[in-house]
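An overview of the molecular structure
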Amino acid sequence: QVQLVESGGGLVQAGDSLRLSCAASGRTFSTYAMGWFRQAPEKEREFVATISRTGGSTYYGDSVKGRFTISRDNAKNTVYLQMNSLKPEDTAVYYCAARLSFLNSGPYYREGEYNYWGQGTQVTVSS
């Protein structure tokens, strides 16, 4: 079992940067693949990025490639999402997600592949 708490959301202007954090409870964080998803009003939840349990492999949604970077610090039980060159269409609630994984498995980019979810953090980008 793992509990996830996101932070770092806020209101920014187009072109700005923001870094989201997701703190996980438990002592087995390094056995979980982690992902970020987002959901804009009246839209389905969208895959943003995922990172393997070691951090050696990352995978991004097409809409954020080249602008967002996912990383993790297993010593701090935390995964990050660095968001650069933000656009108004990035406005959404951002969710952190986790699932147990084996080495060299994944990437996991489907919502249904994750077992644990945070409560979400709002990111609003003004034009």
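Here, every reference points to the structure presented above.
A brief report on the enclosed structure follows. These figures come from a predicted structure and were not determined experimentally.

**A short note on the side chain of Arg-38**
- Following the sequence through the fold, Arg-38 ends up in strand β4 (residues 32-39).
- Polar contacts involving the side chain of Arg-38 include one to the side chain of Ser-63, which spans 3.2 Å.
- Separated by 2.8 Å, the side chains of Arg-38 and Asp-90 make a polar contact.
- If we skip the residues at most four places from it in the chain, Arg-38 touches Glu-44, Arg-45, Glu-46, Val-48, Ser-63, Val-64, Phe-68, Glu-89, Asp-90, Ala-92, Val-93 and Tyr-94.

**A closer look at the state of the cysteines**
- All told, the structure shown has one disulfide when counted by the stated rule.
- Cys-22 shares a disulfide with Cys-96; S-S distance 2.1 Å. Between Cys-22 and Cys-96 the disulfide shows an S-S torsion of about -80°. By sign, it is left-handed. Taken together, the positions of Cys-22 in strand β3 (residues 18-24) and Cys-96 in strand β9 (residues 92-100) put the pair 74 residues apart, joining distant regions of the chain. Here the two residues Cys-22 and Cys-96 agree in accessibility, since each one is buried.

**A word on the sheet that holds strand β7 (residues 68-73)**
- The strand order across the open sheet built from four strands is β1-β3-β8-β7, with neighbouring strands paired in antiparallel fashion. Of all strands in the sheet, those bounded by a partner on one side alone are β1 (4-7) and β7. Taken over all neighbouring pairs, the strand axes of this sheet differ in orientation by 15° on average, direction set aside.

**Structural notes on the pairing of β4**
- When you tally the buried positions in β4, you get seven out of eight residues, the bulk of the element.
- Taken together, the five bridges between β4 and strand β5 (residues 46-51) define a ladder with antiparallel strand orientation. When the bridges of β5 are listed, Gly-35 appears paired with Thr-50.
- The turn joining β4 and β5, which pair antiparallel and follow one another in sequence, is formed by six residues; a positive phi near 65° is taken by Glu-42.

**Digging into the environment of Val-12**
- One can find Val-12 in strand β2 (residues 10-13).
- On the basis of relative accessible area, Val-12 is assigned to the buried category, the value being 11%.
- Here the alpha-carbon distance between Val-12 and Val-125, two residues 113 residues apart in the chain, equals 5.0 Å.
- Beyond its immediate chain neighbours, meaning those up to four positions away, Val-12 contacts Ser-17, Leu-18, Leu-86, Thr-124, Val-125 and Ser-126.

About the thresholds
Residues numbered from 1 in each chain as written. Predicted model: local features only at pLDDT ≥ 70, side-chain atom pairs only at ≥ 80, totals over all residues. Heavy atoms only, no water. Helix = DSSP H or I, 4+ residues; strand = E, 2+ residues; numbered from the N terminus. Polar contact = N/O pair within 3.5 Å; in protein donor to acceptor, adjacent residues only side chain to side chain. Contact = heavy atoms within 4.5 Å. Disulfide = S-S within 2.5 Å. Buried < 20%, exposed > 50% of the residue type's maximum accessible area, 1.4 Å probe, protein only. Pairing = 2+ DSSP bridges. Axes fitted to C-alpha atoms, helices over the stretch in contact; angles between N-to-C directions.

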